[in-house]
Amino acid sequence: MASFWVSGASRGRRSLKPSLSSIFLSNPLTSPTRPTPALNPNPSLIVIPIRQFSILTPNFKFSRENEESNCCSNFALVRRISTLSNSKNEDNKHGNGRELSWIDLYLPRLARPYAHLARLDKPIGTWLLAWPCMWSITMAASSGHLPDFKMMALFGCGALLLRGAGCTVNDLLDRDIDTKVERTKLRPVASGLLTPFQGVSFLGFQLLLGLGILLQLNNYSRILGASSLFLVFSYPLMKRFTFWPQAYLGLTFNWGALLGWAAVKGTLDPAIVFPLYASGVFWTLVYDTIYAHQDKEDDLKVGVKSTALRFGDSTKLWITGFGMACIGCLGISGYNADNGWPFYLFLVGASGQLAWQIWTVNIYCRTDCNRKFVSNKWFGAIVFSGILFGRLLS
C-alpha cells in the first residue's frame, strides 16, 4: 500500500489562510510547472492511502507496478482523495470492513447475514438469471400479442429465489476457498457470521419457497424445473476439476430459456428453444469469463480453475467467438419463431453492446471487469425488447 504525502509550503514563504479550497493536486504529466501546495489545515488529511501507487514527491511521480494500477489510477484518485475527514469515510463501512448497503441500513440485525448470503444487495445475478426466462416466455407469446405477465412475475420471483439458493450452495461448498480470496473472505459463512447449519437451513427455506412457485406451472414444467437442481448443486464443484466452470454455469443459468417456453406451451419446440438456450450459454461464457478475471490471482493461489486462467491473454479472441455464436443463435431462434423485423433491429443493438464490452474491457483491471460484467443487464434488456416488439409486429 503506497501513500500520497501532501507537503506544506516551502520555508520562508508566507503562510496562506487555511481553507479546504486552498489544497490542490496537480499532475506533472499535464502541468508544465511544479505546483506548491498550500498548508493543509487538517492534519488528519496528511496521508491519503492510494492502492498500488508510490507518489514520491509533490511532482506526483507515479510508479505503477502493473497494468491494473495504470487502468484504475483515475478511479483511485477520484474515490480515495477527499477533503472530508477519514472518520466520515469509515462511517460508510461495516464493522468488519465491508461496504455498507441497504441491507445494513434497513434490515433487522438478525436478517442481515441471510440477506447477504442470498446477495440481495447485488441484483445483477438475478437479472442474468431472469432474462433468458423472459426471452423464452415472450418468444412463446402468440403473434401480435403481449406475453403472459403473470408467468413473467412468477419467473421473476423464481429467479430471485433460485439465485439466492445458488449463492447459498456456492458459499457452503466454497467456504474453505472463500477465506483465502480477498473479494469473498467477508461472506457470511466464510467469515463465521453464519454456521454451515444455519446456511443449510436457509437453503431449505429458499427451496421451499421455490417449490411453491414451481407448483404453479404445468406438470411438464415441474419436471423440467426440478431437473435443474442437479446443475445448481453441482456447479460450485466444477472449478475444482475443470477450466470450464463458466460453461457449466451457462448450462445452469440459462435453464429458464427452456422452462419459460414449456410453462407457456406445455412442451418444447427444439427449433426455437435449443438455439435460444445455446445463445444464453455463449452469453454466459462472455460475461462470466470477464468476471473471472477479477479473481485470477487468488484462483492461482488457492488452486481453482476458470476460463480466465485457461484463456489468459487470448481472452478477447475467445469471448469474441462466443459473442458471435450468441448473436448467431439468437438470430436462428428468432427466425424459427417468425419474429418481426424489430427483432433484428434490436439484435444489431445487442451486438453493439456486446462488442463494446469485449473490445473495451481491460482484463487486468478489476474495476473495469466488474463494470463490463454488470452492463450485461442491458444486453439482456435489449434482446428482450427485440423479442417483444418482434412478436407484436410479426
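Thresholds, definitions, all that
- Residues numbered from 1 in each chain as written.
- Predicted model: local features only at pLDDT ≥ 70, side-chain atom pairs only at ≥ 80, totals over all residues.
- Heavy atoms only, no water.
- Helix = DSSP H or I, 4+ residues; strand = E, 2+ residues; numbered from the N terminus.
- Contact = heavy atoms within 4.5 Å.
- Areas by Shrake-Rupley, 256 points an atom, 1.4 Å probe, with all protein chains shown as cover.
- 1 Å grid on protein atoms, 1.4 Å probe; cavity = no way out; pocket = protein on both sides within 12 Å on 5 of 7 lines; lining within 4 Å.
- Points joined across faces, edges and corners; volume = space filled by probe spheres on them.
- Expected span 1.5 Å × (residues − 1).
- Buried < 20%, exposed > 50% of the residue type's maximum accessible area, 1.4 Å probe, protein only.
- Phe/Tyr/Trp six-rings, centres within 6.5 Å; stacked < 30°, edge-to-face > 60°.
- Lys NZ or Arg CZ within 6 Å of the ring centre and 35° of its normal.
- Salt bridge = Lys/Arg side-chain N within 4 Å of Asp/Glu carboxyl O.
- Patch = residues over 30% accessible without salt bridge, like charges linked within 9 Å, V, L, I, M, F, W, Y side chains within 5 Å.
- Axes fitted to C-alpha atoms, helices over the stretch in contact; angles between N-to-C directions.
- Parallel < 35°, antiparallel > 145°, perpendicular 65-115°, else oblique.
- Left-handed = near helix turned anticlockwise from the far one by under 90°.
- Nonpolar A, V, L, I, M, F, W, Y, C, P; charged D, E, K, R; others polar.

In terms of helices and strands, the protein carries 20 helices and two strands. The long-range fraction of contacts in the protein, counting pairs at least 24 apart against all pairs at least 6 apart in sequence, stands at 71%. For the protein, the exposed area adds up to about 19,900 Å²; of that, 64% sits on carbon and sulfur atoms.

Moving on to the side chain of D178. As for its position among the elements, D178 is in helix 7 (residues 175-178). The residues touching D178, leaving out its near neighbours within four places in the chain, are D171, T184, K185, R187 and A190.

Before going further, it helps to examine the layout of surface pockets. One number sums up the size of the second largest pocket: a volume of about 480 Å³. Lining the second largest pocket we find 26 residues, and of these G158, L162, G210, L214 and L259 sit closest to its centre. Those elements that provide at least two residues to the lining of the second largest pocket are helix 5 (124-139), helix 6 (149-173), helix 9 (196-214), helix 10 (219-226), helix 12 (245-253) and helix 13 (256-265).

The end-to-end C-alpha distance of helix 18 (residues 341-360) is 29 Å, a good match for the 28 Å that 20 residues give at a rise of 1.5 Å each. The set of residues buried in helix 18 consists of P342, F343, L347, A350, Q353, L354, A355, Q357 and I358.

On to the packing of aromatic side chains, then. Taken as a whole and assessed by the stated rule, the structure comprises 18 aromatic pairs. Arranged with centres 6.4 Å apart and planes meeting at 20°, the rings of F282 and F322 form a pair that is stacked. Residue F282 is found in helix 14 (residues 270-292), and its partner F322 is found in helix 17 (residues 315-336); the two are separated by 40 residues along the sequence. Residue classification places F322 among the buried positions, given a relative accessible area of 10%. Between the aromatic rings of F311 and W318, the centroid separation amounts to 4.4 Å while the plane-to-plane angle is 10°, which identifies the pairing as stacked. When its relative accessible area of 5% is taken as the criterion, F311 is described as buried. For W318, a relative accessible area of 31% corresponds to the partly exposed category. Through successive ring pairs, a cluster of aromatic residues spans W135, W283, Y287, Y291, F373 and F379. When the ring centre of W261 is taken as reference, the NZ or CZ atom of K265 above it lies at 5.6 Å. One Lys or Arg, K305, reaches over the ring of F243 and ends 5.7 Å from the middle of that ring.

A word on the pattern of salt bridges. What the rule picks out here adds up to 11 salt bridges. The salt bridge involving D174 is made with K239; its shortest N-O contact spans 2.6 Å. In this pair, D174 is assigned in the loop between helix 6 and helix 7 and K239 in the loop between helix 11 (229-238) and helix 12, connecting sequence segments 65 residues apart. Each member of the pair, D174 together with K239, is buried. Each member of the salt-bridge network shares a partner with another, and the members are R119, D171, D178 and R187.

Let us now look at a nonpolar patch on the surface. A cluster of nonpolar side chains, L100, W102, L105, Y106, L120 and L160, forms an exposed patch at the surface whose accessible area comes to about 610 Å². Counting residues per element, the nonpolar patch draws most heavily on helix 3 (residues 102-106), which supplies three residues. Here L100 lies in the loop between helix 2 (86-90) and helix 3. Residue class for L100 comes out partly exposed when judged on its relative accessible area of 31%.

For the rest of this paragraph, the subject is the packing of helix 5 against helix 14. Put simply, helix 5 and helix 14 touch, their axes get as near as 11 Å, and they point 160° apart. Judged on the interaxial angle alone, helix 14 and helix 5 are roughly antiparallel. Like other packed secondary-structure pairs, helix 5 and helix 14 cross with a definite hand, here right-handed. Here helix 5 contributes L128, W131, P132, W135, S136 and M139 to the contact with helix 14, which in turn contributes I272, L276, S279, W283 and Y287. Residue classes in the contact of helix 5 with helix 14 are distributed as nine nonpolar, two polar and no charged.

Note that every value here comes from positions in space, so none of it alone points to a role or purpose.
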